[in-house]
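Secondary and tertiary structure notes
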Amino acid sequence: MSALALQRHSTLSHLDWLEAESIHILREVAGQCANPALLFSGGKDSLVLLRIAEKAFRPGRFPFPLLHIDTGHNYSEVIDFRDLRACQLNERLIVRSVEDSMRRGSVVLKSPGESRNKHQSVTLLEAIEEFGFDCCIGGARRDEEKARAKERIFSFRDEFGQWDPKNQRPELWDLYNARVHKGENIRAFPISNWTELDVWQYIERERLELPSIYFAHRRQVVRKGGLLQPVTDLTPACDDDLVEELSVRFRTVGDITCTAPVESAADTVARIIEETAATTITERGETRLDDQTSEASMEQRKKEGYF
Amino acid sequence: MSAIERLPEIDNGLLRFLTCGSVDDGKSTLIGRLLYDTKAILADTLHAMARTSERRGLETVDLSLLTDGLSAEREQGITIDVAYRYFSTGRRKYIIADAPGHEQYTRNMVTAASTANLAIILVDARKGVLTQTRRHSYLAHLLGIPHIVVAINKMDLVDYDQAAFERIRGDYLKFAATLGICDVCFIPLSALNGDMIVDRGDRLDWYQGPTLLDILEGAPSAHSERDERFRFPVQFVCRPQQAGDPRLHDYRGYMGRVESGEIAVGEEVLVLPSQRRTRIKAIEIHGRSLPRAIAEQSVTLLLEDEVDVCRGDMVVRAEESALVTRRIETMLCWFGETALDPQRKYLIRQTTRETKAALEAIDYRLDINSLQQLPAEHLGMNDIARVAFKLAQPLCVDPYAENRATGAFIVIDETSNNTVGAGMIL
């Protein structure tokens, strides 16, 4: 077949292609939406998004503010890094906190120890309403989880923030439809087609700085259900727990109560890439305590308005 | 789903392909096999699959579980949507669009096909070319997928018989000729046993051609096959005078992606639809100047003259203009739950441009199973028809067969804001 025909034209490397697609998506958000926001947590995926936003919009400023929904249970290294990066970029950062929603009474925890992670949805919807955002840009990837594998790049949410997997808008070519009525919302995912390895390779190529906890460091942990649970003020060890101090790094950073580190000696991006390329556990399977609860838990959370 | 990936040694870019067929054709097993044999399934995923297989009383791991879907789907025993999956071989990164094969989900197949550069069409060796095979092939062809691979699966169930393979090949070629499909190849395989997917196996010695993975590794990327005309739809205009830097006071950057072709600094260009002529002053990305930009690259163009350019305009090379028109002849796929209403106005989005549109005529509706042209007054969900639209504003178009980016459009219902149709300009 002509499949083996000589390539006459230059083509982009896979990272260049992914970057170009993501820039295109961000510019479509800017071109189609009146009042978007970019969700920025200080985590690696959202740091990649910020670099793509620089490539998409410099020398201009970003046509959207950065928005963080803070559970109040984040690692301080990550929060400090979030503030530093927003300041370096000279972009506006809005922080809304789950603790404020708890004070207002819109978030009620079943018990004081309950993870606040899923309650971020409530605070996010409140922020969307407060600022009138018609689109939130997020760093979710389709390779993370099977509910995400079926989600559109421009994903429509109704006024309750709900995702309806059976009733998604057809999305063809690179023709995105961001039209919404007042109160409704689009979630746009510019790095949908990236994998974890793509993200790390991009971080290396672009020499992006990351919060320190992504790299190997000594930390007290307890082994629970095949995962490492960090010993913190929020997640103290029980009396019968065996506390070990290991060299670990985080593959994802999120709420302290549901993010587990992995054992690793990788202290540079290059070593993390080596490990990622050789890993035999999926990113969420290894490090997200919230996805192990049930097979369909991400699907359920998204239907309720989660990212 | 996440996968083990090997680091690219030779970066042969990225290939997007589509798999079509029903559950019965062994499509899930084929995808599972492709990921398994390229070492792309991770330990925890494999472990979960093994547990489920055991619970269902199976002796070996059921690879089709890898593509098991959402709980909403399992409840109904159907696949409701296109799923995207990723793997990489060290030479190339792949994006699989996995389209369900059910009759009522033509819309999913069209969606998956719109971004694919190669289609794998599964045929059950026992059943041969079916109505469904014709439908999938027609849609792949309609959506302009340049390479079609007919995977004749379940060869193990016909004793790896060459005659069965040749018979199906002959039947398919006869029908493909009537559609004008010319780039098609055939592979006999057994997804269950893994023959001819990544490894050749030892039961198909009579077949000398490439394995499925060989074909994927060698297939050309979307824009490497033919000379294409430069097309640059403007997405966003950057005017950063408020940035406070006096050097940026007169900066006007036209941001977008090169949809096809390439352009270099100094070349003469036209801005459509105004037909204003100017030259490329600079090509930039994030403060870096480039001598040229190639297909699929997202860049910022600066022009020599102060011409009025806004989102929706298109920059083309002066001697290679696109057609600027207020009327389009199209093949339209209707997705809306409510029928296409000839009395109503719809919104058409093509490249970065939007215009109101009114239906002028339905020439015919195509019966997707018999491929017969039938008269029609209305179009219902999943209908495909040849229709003409009148446009309130001009669009800058090429025929879809020549350029997928400038020949494609979607139809939006302004009341619901839903995407209700997709079309290809003739």
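Counting restarts for each chain, with residues numbered from 1 along the sequence as it is written. Just so you know, chain letters begin at A and ligand numbers begin at 1, following the order they were written in. Side-chain atom pairs in this predicted model are given and counted only at pLDDT of 80 or more, local residue features only at pLDDT of at least 70, and totals for whole chains, interfaces and linings cover all residues.

1. Here we look at the pairing of strand β3 (residues 93-99) of chain B
Walk down a regular strand and you will see the side chains alternate between the two sheet faces. Residues and elements named next belong to chain B. Selection rule: Residue burial here comes from a neighbour count, namely the number of other C-beta atoms, placed from the backbone, that lie within 10 Å of the residue's own C-beta, with 20 or more meaning buried, 12 or fewer meaning exposed, and in between meaning partly exposed. Counting from the N terminus, the helices are DSSP H or I runs at least four residues long and the strands are E runs at least two residues long. By this definition, two strands are paired if DSSP reports at least two bridges between them.
In terms of residue burial, β3 counts as a mostly covered element, since seven of its seven residues are buried. Of the two faces of β3, the one holding K93, I95, A97 and A99 and the one holding Y94, I96 and D98 are both buried throughout. Alignment of strand β1 (residues 14-20) against β3, held across seven bridges, turns out to be parallel. Bridging from a neighbouring strand, L18 pairs with A97 of β3. Relative to β3, strand β2 (residues 83-88) runs antiparallel, the two sharing six bridges.

2. Things to note about helix α2 (residues 44-57) of chain A
Residues and elements named next belong to chain A. Quick reminder of the rule: Expected span of a helix, by definition, is 1.5 Å for each gap between consecutive residues, and there is one gap fewer than residues.
With 14 residues, α2 ought to run about 20 Å at 1.5 Å a step, and its terminal C-alpha atoms sit 20 Å apart, in line with that. Most of α2 is tucked away: twelve of the 14 residues are buried. By the burial criterion, the buried members of α2 are K44, D45, S46, L47, V48, L49, L50, I52, A53, K55, A56 and F57.

3. A look at the nonpolar core
The test is simple: Nonpolar cores are identified as sets of buried Ala, Val, Leu, Ile, Met, Phe, Trp, Tyr and Cys residues joined via C-beta atoms within 7 Å. In this description, any two residues whose backbone-derived C-beta atoms lie within 7 Å of each other are considered to be in contact.
Grouped together as the largest cluster of nonpolar side chains are 186 residues, with contacts concentrated most on A113(B), A119(B) and A151(B). Considering every element that reaches this core, the biggest residue donor is helix α1 (residues 14-32) of chain A, with nine residues. Once you skip the residues sitting within four places of it in the chain, A119(B) turns out to touch F17(B), L18(B), C20(B), A113(B), A140(B), I145(B), I148(B) and V149(B).

4. Examining the domain arrangement of chain B
All names here are of chain B. What counts, and what does not: Domain delimitation in this document rests on an assignment produced automatically or drawn from a domain database. Ten residues, namely Ala, Val, Leu, Ile, Met, Phe, Trp, Tyr, Cys and Pro, are considered nonpolar, four, namely Asp, Glu, Lys and Arg, are considered charged, and the remaining ones, Gly among them, are considered polar.
Along its sequence, chain B is organised into domain 1 (4-218), domain 2 (231-317) and domain 3 (323-425). Taken residue by residue, the interface counts ten residues in domain 1 and twelve residues in domain 3. Only α4 (106-114) and α5 (131-142) provide two or more residues apiece to the side of domain 1 that touches domain 3. The dominant element in the side of domain 1 that touches domain 3, judged by the number of residues it contributes, is α5, at five residues. Of the residues assigned to the side of domain 1 that touches domain 3, the class counts are three nonpolar, four polar and three charged.

5. A closer look at the sheet that holds strand β7 (residues 217-224) of chain A
Residues and elements named next belong to chain A. Sheet architecture is open: four strands sit in the order β8-β7-β9-β10, paired in antiparallel fashion. Two strands lie at the open edges of the sheet, namely β8 (227-230) and β10 (262-263), each paired on one side alone. Here two bridges tie strand β9 (residues 243-249) to β10, and the two strands are oriented antiparallel to one another. Within β10, the position partnered with R249 by the bridge is V262.

6. Description of the confidence of the model for chain A
Do not read the predicted coordinates in detail wherever pLDDT is low. Residues and elements named next belong to chain A. The condition is simple: Values of pLDDT, which run from 0 to 100, indicate the predictor's confidence residue by residue.
Put simply, chain A has an average pLDDT of 87, and 87% of its residues get 70 or more. At the low end of the mean pLDDT range in chain A sits helix α9 (residues 283-287), at 56; at the high end sits strand β1 (residues 36-39), at 98. Across residues 1-8, confidence stays below pLDDT 50; counting only partners more than four residues off in sequence or on other chains, it has 15 contacts. Every residue in residues 291-296 scores below 50 in pLDDT, and together they form five contacts with partners more than four places removed in sequence or on other chains.

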